[in-house]
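Reading the structure
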Amino acid sequence: MAGSFAQLAKKAEQTKASISVSKEPDQSPPLEIYKLGDEVLRNQAGRISKVDVSIRDLAKDMLTSMYSAKGIGLAAPQVGIQKRILVIDLDIENPTTPPYVFINPEIISSSASIDTYEEGCLSIPAVYLDVIRPASIKLSYRDEMGRPKKMNADGLMARCIQHEIDHLNGVLFVDRVSDKDKLKNELNEQGFHDKDVKSI
Ligand code: NI
């Protein structure tokens, strides 16, 4: 009885287990974030076939690196790992809000209505430029426990998910900026090169 109760309790614990990571900056974050010009950012990431503890550990390391860089989203290719996983937290100042982990995310549909929003990227620090994208999306993905999920996202969440999914496909937000003169100026000012922008 005690044994089976313990097993049940363990099972309940596993079912609700998720990702818990301190949002405090880490002086030596576990993963290096690659920058515009690094070819690793241009690779196509592969699907994750099994969501296991190694994937959850990766998600935790990605979150720690993201919080340390004061970002709200990070995709695995940005840390040189070609897997379809991204992490998002739109409430990084609040230690109790849980982050999102999206595994094998797929956009099922996008709204016809579009938004213009100034985006930034941890791989292109200090560069902020307007990008036009669908205002809302419908998404399917697996969470950090491998459970299939669906989400309707709009506003900043829709924006962030689309930006991060682009990373899984080797696309950077600067590729989508339509004001090419401003893009070149901003990149040059921050020590980047517009030759590293790809036309899509
Ligand atoms: Ni980015």
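In this text, all values refer to a predicted model and were calculated from it rather than measured experimentally.

1. Section: the side chain of Arg-133
- Within the fold, Arg-133 resides in strand β5 (residues 129-134).
- Relative accessible area serves as the criterion here: at 4%, Arg-133 is assigned to the buried category.
- For Arg-133, the side chain forms a polar contact with the side chain of Glu-119, separated by 2.7 Å.
- Polar contacts involving the side chain of Arg-133 include one to the side chain of Asp-166, which spans 3.0 Å.
- Dropping the residues within four chain positions of it, Arg-133 is found in contact with Ser-113, Ile-114, Asp-115, Glu-119, Arg-159, Gln-162, His-163, Asp-166, Phe-173 and Arg-176.

2. Re the sheet that holds strand β7 (residues 148-154)
- Pairing is antiparallel in the open sheet, where 5 strands are placed in the order β1-β2-β3-β6-β7. Whereas interior strands pair on both sides, the edge strands pair on one side only; in this sheet they are β1 (73-75) and β7. Averaged over all neighbouring strand pairs, the angle between strand axes comes to 40°, with direction disregarded.
- In the sheet, strand β2 (residues 85-88) pairs with strand β3 (residues 100-110) via 4 bridges, with the strands oriented antiparallel. Note that in β3 the partner of Ile-88 across the bridge is Tyr-100.
- Packing against the sheet, helix α2 (residues 53-68) makes contact with β1, β2 and β3, and its axis sits at approximately 45° to β2.
- Sitting on the sheet, helix α3 (residues 155-168) is in contact with β1, β2, β3, β6 (136-142) and β7, with an inclination near 120° to β7.

3. Side note on the environment of Lys-182
- Mapping Lys-182 onto the fold places it in helix α4 (residues 180-189).
- Under the relative-accessibility criterion, Lys-182 is labelled partly exposed at 42%.
- Between the C-alpha atoms of Lys-182 and Gly-146, which are 36 residues apart in sequence, the distance is 42 Å.

4. Focus: the coordination of the nickel ion
- Coordination sphere of the nickel ion, protein contribution only: Cys-121 (SG), His-163 (NE2) and His-167 (NE2), at 2.1 to 2.2 Å.
- Within one chain, the residues donating to the nickel ion are spaced in sequence as C-x41-H-x3-H. Taken together, the positions of Cys-121 in the loop between β4 (114-119) and β5 and His-163 in helix α3 put the pair 42 residues apart, joining distant regions of the chain.

5. Some details on α2
- Helix length check: α2, at 16 residues, gives a terminal C-alpha distance of 22 Å against a target of 22 Å (1.5 Å per residue), a fit within 8%.
- Those residues of α2 hidden inside the fold are in contact with β1, β2 and β3.

6. Overview of unusual backbone geometry
- For Lys-70, which is not a glycine, the phi torsion comes out positive at approximately 60°.
- Tracing the backbone through its elements, the reader meets Lys-70 in the loop between α2 and β1.
- Relative accessible area serves as the criterion here: at 52%, Lys-70 is assigned to the exposed category.
- Even without a glycine there, the phi angle at Ala-126 is positive, about 70°.
- Topologically, Ala-126 is positioned in the loop between β4 and β5.

Cut-offs used in this document
Residues numbered from 1 in each chain as written. Predicted model: local features only at pLDDT ≥ 70, side-chain atom pairs only at ≥ 80, totals over all residues. Heavy atoms only, no water. Helix = DSSP H or I, 4+ residues; strand = E, 2+ residues; numbered from the N terminus. Buried < 20%, exposed > 50% of the residue type's maximum accessible area, 1.4 Å probe, protein only. Polar contact = N/O pair within 3.5 Å; in protein donor to acceptor, adjacent residues only side chain to side chain. Contact = heavy atoms within 4.5 Å. Pairing = 2+ DSSP bridges. Axes fitted to C-alpha atoms, helices over the stretch in contact; angles between N-to-C directions. Donors = N, O, S within 2.8 Å, 3.2 Å for Na, K, Ca; no water. Expected span 1.5 Å × (residues − 1).

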